[in-house]
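Chain and residue survey
Residues per chain are reported as follows:
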Amino acid sequence: MPVSYTTVLQEHKAVREACGVFDVSHMGEVLVTGANAGAFLQYLTINDIEKLKDGSGQYSAMLHDHGGMIDDLIVYRLKSDRFLLCVNASNTAKDFAWIEKQAAKFGGVQVANESSAWSQLAVQGPNSAKAVEVLIGATDLAQFRSLQYMDIMSITLFGKAALVARTGYTGEHGYEIYLPNAVAEKTWLALMETQPATGIQPIGLGARDTLRLEACYLLYGNDMNDEVSPLEAGISWATRLTKGEFIGRNALLAQKEAGPKRSQFAFVMSEDGIARSGMEIYRNGEKIGVVTSGSVLPTVGGAGGMALITRGKASLNDEVEVDVRGKRKLARLVQKPLYKAKVKG
Amino acid sequence: MEFPVGLKYTKDHEWIELSSGVAKVGVTAYAIDQLGDIVHVDLPKVGDTFEAGAAFGTIESTKTVSDLYMPVAGKVVEVNKAATDNPESLQTDPYKNGWLVKLEVKGTPSAGALLDASAYEAFVADGSH
């Protein structure tokens, strides 16, 4: 996946206003099957598996015992004994080793790393439904049109079994298609043929990052890592501490009791200058945090990002300073997200 | 890609228009093309002085941040506010209205350090940088 095919800003605008397709075949896919699959995932991940029905998915994460994040992921329930996990490309090996080890201890569950067999195309933007519809057979069309946010369904693409989910990483209405490598190119070309009607165009990594950042979707390695807990990373909403036992829960309960050391904030630059990942944040001359993701915000305007701030050192709407290559530039902590997602519309 | 013949160029992809003491400095169309969308330009203050080859500011695109280097030694006498206010304008016009600073040149620039348009064009066409 290149940084851009045209330019980052042009591609960003195309997804917000029309439609873009991302070749995200690098993402990892893990199948979890067996009579204990659901119970195992309830123990392995932070969100509540009981909330899922056949054909629905949820945002979740896997934790170390100490509460740091191994990865964030999407869990789809295909059937009561068959789940698909979509994990980060750079973490696939680490994740699968962890899942395999935990599954062996848990018992009654089989896990398979299917990443190399599957391609993935994300089609995102207001015209994404129109583009993806050309891939859907007549008998599947009604179900496709009734897909709710985070739902997934089986489809047939050029005679091969595939899946389409109403999910994405841009903040726009969109779909992620899981498909066998053998039909990936044909599918890409069929999507591109809708260009006159949908404005679809290929999108690179650069716009993928600016789009997800405006929507305040986390990026593993930037906004979270093995040492950051989901409570710190701002995904308490996906962390079901009351659902029962899961890996990392005890650490999170202790953290909640004591108060997390850091909290995640969104910020916008009040002064000229662009914050980037790793830059330090100051308030009243004291270092209080670090930028975890920063960029220009093409749709919102100006520049901004997300930051981890030491607890108690700043609160919402406070003015802080970002050290931009030796120059302190004013920024303001603001309510997330920077761009209100249209995924449910 | 255009490289006006009246200008001199550096291997760091700046251009300079030398005329009667005051010189204009900017970045080349090649540099702009390599950077992609220009989103921010940071320039020095009037009165700041620089040696030839010194970093005098930064140019930032959606992809990366690059330092700007002085083609010659001199003192900044004017800064192009239009370029810092509308950095994207450099993409369509890196030369005429896209100058970044005006310099009072110190001494006589050594001729060997600067390239003419055809030498610079050959340098970027070489592609090894």
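**Some details on the nonpolar core**
Residue and element names in this part refer to chain A.
- One finds Val32, Phe83, Leu85, Val123 and Ala275 to be the most contacted residues of the largest nonpolar core, which totals 127 residues.
- Per-element accounting of this core gives the leading share, 7 residues, to strand 4 (residues 69-79).
- The two domains that each donate at least three residues to this core are domain 1 (8-212) and domain 2 (261-336).
- When near neighbours in sequence (up to four residues on either side) are disregarded, phenylalanine 83 contacts Val32, Ala37, Leu41, Val75, Tyr76, Arg77 and Leu78.

**Examining the packing of helix 2 (residues 37-44) of chain A against helix 3 (residues 92-106) of chain A**
Residue and element names in this part refer to chain A.
- At a closest axis distance of 11 Å, the pairing of helix 2 and helix 3 adopts a crossing angle of 125°. The angle between helix 2 and helix 3 places the two elements in the oblique class. Handedness of the crossing formed by helix 2 with helix 3: right-handed. Each of Phe40, Tyr43 and Leu44 in helix 2 lies in contact with helix 3, whose residues at this interface are Ile99, Gln102, Ala103 and Phe106.
- Residues of the contact of helix 2 with helix 3, tallied by class, amount to 6 nonpolar, 1 polar and no charged.

**Regarding the sheet that holds strand 2 (residues 28-33) of chain A**
Residues and elements named next belong to chain A.
- Pairing within the open sheet is antiparallel, and its 5 strands lie in the order 3-4-5-2-6. A single partner strand is all that each edge strand has here, and the edge strands are strand 3 (56-63) and strand 6 (110-113). Strand-to-strand twist of the sheet, defined as the mean angle between neighbouring strand axes without regard to direction, takes the value 25°.
- Of the pairings in the sheet, the one linking strand 4 to strand 5 (residues 82-87) comprises 6 bridges and is antiparallel in character. Paired with lysine 79 across the bridge in strand 5 is arginine 82.
- Across the face of the sheet, helix 2 comes into contact with strand 2, strand 3, strand 4 and strand 5 while running at roughly 125° to strand 2.
- Set on the sheet, helix 3 makes contact with strand 2, strand 3, strand 4, strand 5 and strand 6; between it and strand 6 the angle comes to about 165°.

Procedures and definitions
Per chain, residues are indexed from 1 in the order of the written sequence. As they are written, the chains are lettered A onward and the ligands numbered 1 onward, keeping that order. Reporting in this predicted model follows two pLDDT cut-offs: at least 70 for local features of residues, and 80 or more for side-chain atom pairs to be given and counted; totals over whole chains, interfaces and linings ignore these cut-offs and use all residues. To define a nonpolar core, we join buried Ala, Val, Leu, Ile, Met, Phe, Trp, Tyr and Cys residues through C-beta atoms within 7 Å and take the resulting set. To sort residues by exposure, count the other C-beta atoms lying within 10 Å of each residue's C-beta; 20 or more gives buried, 12 or fewer gives exposed, and values between give partly exposed, all with C-beta atoms placed from the backbone. A run of DSSP states H or I qualifies as a helix once it reaches four residues; a run of E qualifies as a strand once it reaches two. Both are numbered from the N-terminal end. An automatic or database domain assignment supplies the residue ranges for each domain. Contacts here follow a simple rule: the backbone-placed C-beta atoms of the two residues must lie within 7 Å. Here an axis means a line fitted to C-alpha atoms, over the contact stretch when the element is a helix, while the angle between two N-to-C directions is reported on a 0 to 180 degree scale. Our angle categories are set so that under 35 degrees counts as roughly parallel, over 145 as roughly antiparallel, 65 to 115 as roughly perpendicular, and the remainder as oblique. Each crossing gets its hand from how the near helix is turned against the far one by less than a right angle, where anticlockwise is left-handed and clockwise is right-handed. Side-chain classes are defined by residue name, with Ala, Val, Leu, Ile, Met, Phe, Trp, Tyr, Cys and Pro counting as nonpolar, Asp, Glu, Lys and Arg as charged, and the others, Gly among them, as polar. Strands are labelled as partners when DSSP assigns at least two bridges between them.

Functional significance is not addressed by these values, which are geometric in nature.
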